[in-house]
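Reading the structure
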Amino acid sequence: MDFSTSVYDSTQHNSFYPAESTASSLTFSELSGFVTQILSTLELQELGGVYFQQLNMLLPVIGFSLSDFDSRWVYGNAKISSTLIDLPLQGANAINGEQAHAYYYISSPLSLSQREVLFQLHDLFGKQVKHALTLAQVQQMATKDALTGLGNRAGFEQSMTRQLGWAQRHDEPFALLVIDLDNFKYVNDNFGHGEGDKVLAHVASHLSRMLRDEDEAFRYGGDEFCCLLDCQTQLQLACAAQRIQSSINSSSYLAGLEVSTSLGGAIYRDGDTVSSIFDRADNALYRVKNSGKNSYQAA
């Protein structure tokens, strides 16, 4: 297996490789155990964690990153001062559409035999990554709203479960924003459901433009939308809500139909479930609806 044209090592000195090999190829037992572990999941974020655990036991790899897929997917101690080995993941595209890579941070120079082991493990991992990405594409098709192109309710619940798991493991809060369209029933009743569909697609396009790469938007059902946001404080959430509301309310098309937005938000708390954080945001939304609409409150 030759990666010689596609490997980036942060050190370019000949002394990077020890003169004598300090490790032999993997035993059958080690290789079998490795394969068993990486075949245990097709969820890409979890797969990265399982893979790093195996690497850490077999090689002096102290950190690993799949940041080409998600900037948060960094495992172990991936310090910039560590030696970096950058390997392409064949057939996998990053979020920007370019060739995806895996980034290995090592604590000491690899011998030639250790390097061959790394290539072997990386190749096996890359095959499982392709399977994981294929599954993710199929799941995305099943969790996408056909009208707006946003995630649907099933997609929201899947992403919410993933966000909760991340928040619990890494003590990193996130925010939920629930959005309801004011006077949407008026549009359907007076202009027909076709016009209502145009309104929903129009709002979805505003959400897609306003959210950052790390945020997600969903059509939860009817004229209700949800956004999962990378916000850790109430101030950050309020700023995001204001930005979204201002964008939607600035639409002359929506203003002509007298459609505006009511928003309710909540920040993750320790012990939250999908239901508890959603209920807080939804209750805040209904306080807005009951107090005049076209505003934002947080719980």
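Read on for a plain summary of the structure. Fair warning: this is a prediction, and the values are worked out from it, not measured in the lab.

1. Focus on unusual backbone geometry
- One non-glycine residue with positive phi stands out, namely D171, at about 55°.
- By the element assignment, D171 lies in the loop between α4 (153–170) and β6 (175–182).
- Note on D171: relative accessible area 58%, which makes it exposed.
- Here N294, not a glycine, exhibits a phi torsion of approximately 50°, which is positive.
- Locating N294 in the fold gives a position in the loop between α9 (274–290) and β10 (296–298).

2. Concerning the side chain of H206
- Here H206 is to be found in helix α6 (residues 193–210).
- Judged by its relative accessible area of 6%, H206 is buried.
- In this structure, H206 is in contact with S247, I248 and S251, ignoring residues within four places of it in sequence.

3. Overview of the pattern of salt bridges
- The tally for this structure, following the rule as stated, stands at 11 salt bridges.
- Between D70 and R72 there is a salt bridge whose closest N-O contact spans 3.0 Å.
- Residue classification places R72 among the partly exposed positions, given a relative accessible area of 25%.
- In this structure, the salt-bridge partner of R162 is E216, at a minimum N-O distance of 3.8 Å. Of this pair, R162 sits in helix α4 while E216 sits in strand β7 (residues 216–221), placing them 54 residues apart in sequence.

4. Quick word on the nonpolar core
- By size, the foremost hydrophobic cluster in this structure holds 34 residues, and its most contacted members are Y51, L55, F64, L66, F69, Y104 and V129.
- Sorting the residues of this core by element identifies α1 (28–38), α2 (44–58), β2 (61–65), β4 (83–93), β5 (99–106) and α3 (112–142) as the ones contributing at least two each.
- At 8 residues, the largest contribution of residues to this core is made by α3.
- Apart from the residues within four sequence positions on either side, Y51 is in contact with F34, I38, F64, Y104, L121, H122 and F125.
- By size, the runner-up hydrophobic cluster in this structure holds 29 residues, among which are I179, V199, V203 and L207.

Conventions used here
- Residues numbered from 1 in each chain as written.
- Predicted model: local features only at pLDDT ≥ 70, side-chain atom pairs only at ≥ 80, totals over all residues.
- Heavy atoms only, no water.
- Helix = DSSP H or I, 4+ residues; strand = E, 2+ residues; numbered from the N terminus.
- Buried < 20%, exposed > 50% of the residue type's maximum accessible area, 1.4 Å probe, protein only.
- Contact = heavy atoms within 4.5 Å.
- Salt bridge = Lys/Arg side-chain N within 4 Å of Asp/Glu carboxyl O.
- Core = buried A, V, L, I, M, F, W, Y, C linked by side-chain atoms within 4.5 Å.

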